[in-house]
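Chains, contacts and geometry: an overview
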Amino acid sequence: MNDKNDETSTSAEVTSAEEGNGGGLTIGELAGLSGVQTVRLPALDNLMNQVQAALGEVISVEDHLAGVLAQMPVWAGLGDTLDRIAQQMEELLPSNWPGLAGRYDEMIPVMRDEGIPLAWVPPAPVVRELLDAPDAPARRAVLEKHQRAVWAACRDALDEVGRPEFAEQVLLLRDCVAMAEAGHTSGAQALAAAVWDTTVRGYVRATPSLQTNRGRFAYGELLAGLPKAEDQEVVRKVRVASLFAPFERACQRFDDSTPVPASFSRHATTHATGQRQYTSVNATIAVMLAVSLLRGLETDPFEVSIHA
């Protein structure tokens, strides 16, 4: 379709009718050509004139696309743009997650169901090995194998925590790392669990929505109110959820009628001081849990009111 064809492709009958009304074909006259009684509808006549004018300005689709492509090559710089977006995304995520795009779904059950923190610590190679491990026992073996690398990463993460209200907790966690490296893992586990508990209570104290109607909190209510690892709509929610995902396992309860948990449990660390709960792997997880929380709260500065 082009302008020339639009102007000349009329029948003899249409041409004759146009000559009788100054060149404009009315809807009524168009109907009359087919034997239908002529009805004058000026509004529709005007509409038809606008349509005809618009058709006269139309160029072919092929010509239009060719012009667009000539002026804006759609692939130019696209790869660089995607690389830049990916880089910005990684900069917003915990610093130990480089190269893990496409594996974030795998991280959620490790954090939530097994209670292994993955945000900020452990180091990136250990995170990848944990995700590659086939099951929970294999992941605990990975942590045991790389304990010293994990503790070193915890020390480095603590160097990045500068909030004044965390100063004492950072010093205590440095003591935890030193004890663990010296082989005193039971002491490291007990102290790390206490630091984590103190920090969590400080977070709850500053967050009324997590408190009971008496201004207190129970771990059951805490878990119900925390951001969920499934509610991942934006990068920040992924980052925040990764801090709280291990809480569910760390807050697991038990009583006299149930076995003492074998995985790290704050409750069992405090009330069941035996070989089942106190292990070198649980000590590593306890230190990671507390360090991850402090380091995450440094990046996402939720209000925390530590009472210590």
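So, a few notes on the structure that sits alongside this text.

Conventions and cut-offs
Residues numbered from 1 in each chain as written. Predicted model: local features only at pLDDT ≥ 70, side-chain atom pairs only at ≥ 80, totals over all residues. Heavy atoms only, no water. Helix = DSSP H or I, 4+ residues; strand = E, 2+ residues; numbered from the N terminus. Buried < 20%, exposed > 50% of the residue type's maximum accessible area, 1.4 Å probe, protein only. Contact = heavy atoms within 4.5 Å. Areas by Shrake-Rupley, 256 points an atom, 1.4 Å probe, with all protein chains shown as cover. Phe/Tyr/Trp six-rings, centres within 6.5 Å; stacked < 30°, edge-to-face > 60°. Lys NZ or Arg CZ within 6 Å of the ring centre and 35° of its normal. Polar contact = N/O pair within 3.5 Å; in protein donor to acceptor, adjacent residues only side chain to side chain. Core = buried A, V, L, I, M, F, W, Y, C linked by side-chain atoms within 4.5 Å. Salt bridge = Lys/Arg side-chain N within 4 Å of Asp/Glu carboxyl O. Axes fitted to C-alpha atoms, helices over the stretch in contact; angles between N-to-C directions. Parallel < 35°, antiparallel > 145°, perpendicular 65-115°, else oblique. Left-handed = near helix turned anticlockwise from the far one by under 90°. Nonpolar A, V, L, I, M, F, W, Y, C, P; charged D, E, K, R; others polar.

**Description of the overall build of the protein chain**
Scanning the protein chain for helices and strands turns up 17 helices and 0 strands. Out of the 308 residues belonging to the protein chain, those deemed buried represent 38%. Taking contacts inside the protein chain between residues at least 6 apart in sequence as the whole, the part at least 24 apart equals 60%. Carbon and sulfur atoms make up 55% of the accessible area of the protein chain, which amounts to about 16,900 Å² in all.

**Brief notes about the packing of aromatic side chains**
Summed over all chains, the structure comprises 6 aromatic pairs. Relative to Phe-247, the ring of Phe-244 lies with its centre 5.3 Å away and its plane at 80°, an arrangement referred to as edge-to-face. Take Phe-244 and Phe-247: they sit in the same class, and that class is buried. Taken together, the aromatic side chains of Trp-196, Tyr-203, Phe-244, Phe-247 and Phe-302 make up a single cluster linked through ring pairs. The lysine or arginine in question, Arg-295, covers the ring of Trp-120, its NZ or CZ lying 4.0 Å from the ring centre.

**Overview of the environment of Arg-103**
On the secondary structure map, Arg-103 appears in the loop between α6 (78–92) and α7 (104–114). For Arg-103 and Leu-131, which are 28 residues apart along the polypeptide, the C-alpha to C-alpha distance reads 8.2 Å. Here Arg-103 is in contact with Arg-128, Leu-131 and Asp-132, once residues within four sequence places are set aside. A polar side-chain atom of Arg-103 sits 3.5 Å from the main-chain carbonyl oxygen of Leu-131.

**Re the side chain of Thr-199**
Counting through the fold element by element, Thr-199 comes out in helix α12 (residues 185–205). With near-sequence residues (within four places) excluded, Thr-199 lies in contact with Gln-169, Leu-293, Leu-294, Leu-297 and Val-304.

**Digging into the nonpolar core**
Counting 63 residues, the largest nonpolar core has Leu-118, Leu-173 and Trp-196 as its most contacted members. Per-element accounting of this core gives the leading share, 11 residues, to helix α17 (residues 280–299). In this view, Leu-118 contacts Asn-96, Trp-97, Met-107, Val-110, Met-111, Val-127, Leu-130 and Leu-131; residues no more than four positions away in its chain are not counted.

**Considering unusual backbone geometry**
Residue Val-121 is joined to Pro-122 through a cis peptide bond whose omega torsion reads 0°. Structurally, the position occupied by Pro-122 is in the loop between α7 and α8 (124–132).

**Considerations on the pattern of salt bridges**
If you walk through the whole model with that rule in mind, you get 12 salt bridges. Residues Glu-106 and Arg-103 are paired through a salt bridge, measuring 2.9 Å at the closest nitrogen-oxygen approach. For Glu-106, a relative accessible area of 34% puts it in the partly exposed group. Across the pair Arg-163 and Glu-165 runs a salt bridge, and its minimum N-O distance is 2.6 Å. With relative accessibility at 13%, the residue Arg-163 sits in the buried group. A relative accessible area of 31% means that Glu-165 is categorised as partly exposed. Here the salt bridges share partners, and the residues they tie into one network are Arg-103, Glu-106 and Asp-132.

**Overview of the environment of Thr-269**
Secondary-structure assignment places Thr-269 in helix α16 (residues 266–271). Classification of Thr-269 as buried rests on a relative accessible area of 4%. Put simply, Thr-269 and Leu-191 are 78 residues apart on the chain and 9.7 Å apart in space, counted from C-alpha to C-alpha. If we skip the residues at most four places from it in the chain, Thr-269 touches Gln-189, Ala-190, Ala-193, Phe-264, Gln-277 and Tyr-278. Of note is the side chain of Thr-269, whose polar atom sits 3.1 Å from the side chain of Gln-189.

**Quick notes on the packing of α8 against helix α9 (residues 136–145)**
Running from amino to carboxyl end, α8 crosses α9 at an angle of 155°, the nearest separation of the two axes being 8 Å. Taken together, the axis directions place α8 and α9 in an arrangement best described as roughly antiparallel. By crossing handedness, the relation of α8 to α9 is classed as right-handed. Facing α8, whose interface residues are Val-126, Glu-129 and Leu-130, α9 presents Arg-139, Val-142, Leu-143 and Lys-145. For the contact of α8 with α9, the per-class residue count stands at 4 nonpolar, no polar and 3 charged.

**Re the packing of helix α10 (residues 147–158) against helix α11 (residues 167–181)**
One way to put it is that α10 packs onto α11 with a least axis distance of 10 Å and a crossing angle of 160°. Overall, the two elements α10 and α11 adopt an arrangement that is roughly antiparallel. For the pair α10 and α11, the sense of crossing is left-handed. Contact residues: α10 offers Arg-148, Trp-151, Cys-154, Arg-155 and Leu-158, while α11 offers Val-170, Leu-173, Arg-174, Val-177, Ala-180 and Glu-181.

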